[in-house]
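For reference, the chains in residue letters:
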Amino acid sequence: MKYSTITKDSFEQHAVKPNIQDYHKMYREFSWDKISNDLSWFDKEHINIAHVAIDAHLETDRRNKKALVWESKKGKVEEYTFLELSRLSNKFANVLVKELGVQKGDRVFFFLERVPEIFIAILGTLKAGAVIGPLFSAFGPDAVKDRLADSEAKVLITSPALKKKIIEILPELPALQKVMLVNREKAPVDPDDLLYEKMMSNASDSFDTIKTHKEDYAIIHYTSGTTGKPKGAVHVHGAVVGHYTTAKYVLDLHADDIYWCTADPGWVTGTSYGMFGPWSNGVTQVVYEGGFSAKYWYGFLQRMKVTVWYTAPTAIRMLMKSGDELPNEYCFDTLRYMCSVGEPLNPEAVVWGEKIFGKAFHDNWWQTETGAIMIANYPILDVNPGSMGKPFPGIEPTILDDDYNELPPGKEGNLALKPGWPSMFRTYWKNDAIYQSRFKNGWYITGDKAKRDENGYFWFMSRADDVINTAGHLVGPFEVESVLIEHPAVGEAGVIGKPDPIVMEVVKAFVSLKDGYEQSEELKHDIQKFVKKRLSSAASPREIEFLPTLPKTRSGKIMRRLLKAKELGLPLGDTSTIDDD
Ligand code: AMP
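What you see is a predicted model, and the numbers here were worked out from it, not measured in a lab.

### Concerning the pattern of salt bridges
Opposite charge on two side chains permits them to pair, given that their charged atoms come into close proximity. Taken as a whole and assessed by the stated rule, the structure comprises 38 salt bridges. Between Lys34 and Asp38 there is a salt bridge whose closest N-O contact spans 3.1 Å. Placement of the pair is Lys34 and Asp38 together in helix H2 (residues 32–39), with a separation of four residues, close to one helical turn. Since its relative accessible area comes to 52%, Asp38 is described here as exposed. Glu567 is the partner of Lys508 in a salt bridge, and the nearest nitrogen-oxygen pair spans 2.7 Å. Of the two residues, Lys508 sits in strand S26 (residues 504–513) while Glu567 sits in helix H17 (residues 560–568), which places them 59 residues apart along the sequence. If you follow the salt bridges from partner to partner, you end up with Lys498, Lys508, Glu543, Glu545, Lys566 and Glu567 in one network.

### A few points about the packing of aromatic side chains
Aromatic rings considered in pairs are described by the distance between their centres and by the relative angle of their planes. The final tally for this structure, using the stated rule, is 34 aromatic pairs. When the ring of Phe30 is compared with that of Trp32, the centres are 4.8 Å apart and the planes differ by 85°; the resulting orientation is edge-to-face. Each member of the pair, Phe30 as well as Trp32, is classed as buried. Ring centres 5.8 Å apart and planes at 45° place the aromatic pair Tyr288 and Phe300 in the tilted group. Residue Tyr288 is located in strand S11 (residues 284–288), and its partner Phe300 is located in helix H11 (residues 294–303); the two are separated by twelve residues in the primary sequence.

### Focus: the site of the ligand
Close to the ligand lie 16 residues, the nearest being Asp363, Asn364, Gln367, Thr368 and Asp448. Gln367 is positioned with one of its side-chain polar atoms (N or O) 2.9 Å from an oxygen atom of the ligand. A distance of 2.9 Å separates an oxygen atom of the ligand from a polar side-chain atom of Asp448. For the ligand, whose free accessible area comes to 500 Å², the fraction covered by protein is 94%. The set of elements that each furnish at least two residues to the shell around the ligand consists of strand S14 (361–365) and strand S22 (458–463). Ranked by residue count, the leading element in the shell around the ligand is S14, at three residues. Of the residues that constitute the shell around the ligand, the class distribution is seven nonpolar, five polar and four charged.

### A few points about the side chain of Asn414
Positionally, Asn414 belongs in strand S18 (residues 413–417). Of the polar contacts made by the side chain of Asn414, one reaches the side chain of Asp402; its length is 3.0 Å.

### Observations regarding the nonpolar core
Counting residues in each nonpolar core, the largest one holds 101 residues, and the members touching the most others are Phe276, Trp279 and Tyr310. If you look at the next biggest cluster of nonpolar residues, it comprises 44 residues, including Leu170, Leu173, Leu176 and Trp429.

### Some remarks on empty space enclosed by the protein
One pass over the full model with this rule turns up three cavities of 30 Å³ or more. The set of elements that each furnish at least two residues to the lining of the largest cavity consists of helix H10 (268–280) and S11. Residues belonging to the lining of the largest cavity are distributed by class as follows: five nonpolar, three polar and one charged. Taken as a whole, the second largest cavity spans an internal volume of roughly 40 Å³.

### Examining the environment of Thr81
Residue placement: Thr81 occurs in strand S2 (residues 77–81). You can call Thr81 buried: its relative accessible area is 14%. Taking the C-alpha atoms as reference, Thr81 lies 5.2 Å from Lys65; in sequence the two are 16 residues apart. Sequence-distant contacts of Thr81, that is, excluding residues within four places in its chain, are made with Arg63, Asn64, Lys65, Lys66 and Ala67.

Conventions adopted
- Residues numbered from 1 in each chain as written.
- Predicted model: local features only at pLDDT ≥ 70, side-chain atom pairs only at ≥ 80, totals over all residues.
- Heavy atoms only, no water.
- Salt bridge = Lys/Arg side-chain N within 4 Å of Asp/Glu carboxyl O.
- Helix = DSSP H or I, 4+ residues; strand = E, 2+ residues; numbered from the N terminus.
- Buried < 20%, exposed > 50% of the residue type's maximum accessible area, 1.4 Å probe, protein only.
- Phe/Tyr/Trp six-rings, centres within 6.5 Å; stacked < 30°, edge-to-face > 60°.
- Near = heavy atom within 4 Å.
- Polar contact = N/O pair within 3.5 Å; in protein donor to acceptor, adjacent residues only side chain to side chain.
- Areas by Shrake-Rupley, 256 points an atom, 1.4 Å probe, with all protein chains shown as cover.
- Nonpolar A, V, L, I, M, F, W, Y, C, P; charged D, E, K, R; others polar.
- Core = buried A, V, L, I, M, F, W, Y, C linked by side-chain atoms within 4.5 Å.
- 1 Å grid on protein atoms, 1.4 Å probe; cavity = no way out; pocket = protein on both sides within 12 Å on 5 of 7 lines; lining within 4 Å.
- Points joined across faces, edges and corners; volume = space filled by probe spheres on them.
- Contact = heavy atoms within 4.5 Å.

Structure, rendered in structure tokens:
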């Protein structure tokens, strides 16, 4: 069986024919500098992401083309052309600069549901030369506070409902000067609340986009590590060169496409490929406000006539779980290309995609730090089920041993990349030492274990660290442990990822209780609720196991490795020599 939708042989039968000559030409002549020059503005040193994504289309026949088609949870549809997004984002830039005193380089954060305003406000912020910080709307107050405090965000855009959730942390953020509310629901607000709708109605729709250098900071996305709080990976305006190029050649976006990216705008996929990549290619994006529902998603694919779909393995496995009958009630005639990212895509999911949609999901690999797709199953390659694919042109991945020497094909080791592509992160916000520690022997160390085969395909093996990947969301065990020990009953806590057939891993916590507390199911639920409320439901332990004490190193650090080995029934090894690492 072939697992490719667009192989060299199948071009002829394809509705949209990606031009194979184009691809070959692209590979032969590939140069980041050339693409960067094509997208730059005034001169080759200046780029602004919002300009490339939106305003650059105004002088073309895409001016009045639909850029965003949004459907609310209640089924209400709103449409915005490139021209409308341009004008609305100009208004927002004026609000920021003229009303709120935002200056180039200030951080503006977004804690907002998936509504059109988040797209408009993000574009406007980039036009104003400020740095955007999108946050996942399911976060709880602790998760939001860590990120706002670390970035010293000056402005927060949120909604009345979400503001209520984080109200207690706001006084603890000295750098935060303004909180603006998007009040779609027309909820009661305080008289002195800044309202998006009101401020936008008074603002001019013309704005001279700040002439940002391609190395000026544009985006901060926080990502979790093994130790410490989440780190802010910083991306520059020039990153759009990577978003544009990979959206064109990996997601195979063409002018007539109707494209759906299911990622939330709070995560890097939601910005690189839920905003900048597709719009810089002049493509119409459809967005559904709500979360996962098999029935709704199938209906949305059909109703919106989606042609290119970018989703995630957990969602695909949840669709598989909902059965093969349901999709039979829908027609997916327009769908021509499907991609997946965020976790390993199991071969069964590729085969299932072929059965249900008549085409394979094309897996690709990248991470917050890389800013754009690095390794992919391309349209012109046959999909190799279970593999992440081959490197994108201009990207040089390798596999290194633990001394950072290159390993031959077939050997598992650390997945590393040769630095230097445009969308690569430039630092971790105020944490340059940790940023520098990610480079060894001239390679960027990704934190993943992988191997390369003889044909140049890369295969994901595991994370090299303790970070948990649950439904494509990275969760740092330290973050969860820090919240757990704030629960009055918890003395010590150790957190690991437990394998799960649907969401890849679930968070499992081992907990020892303080004197005077008794184990019970109620207490477990209470602890779960506590973490969910403070961090998010993804970070809340699906399982809690009480232990009298937790295994520790000589200096008292909890040994997650041992907890994980115990959980998986693996040999515990000789623990007497385990020291801090
Ligand atoms: P994030 O930075 O949150 O986007 O997460 C990036 C991490 O998700 C990577 O370092 C991998 O561990 C995992 N990941 C992303 N894409 C894939 C993929 N296609 N296959 C396996 N793991 C993936």
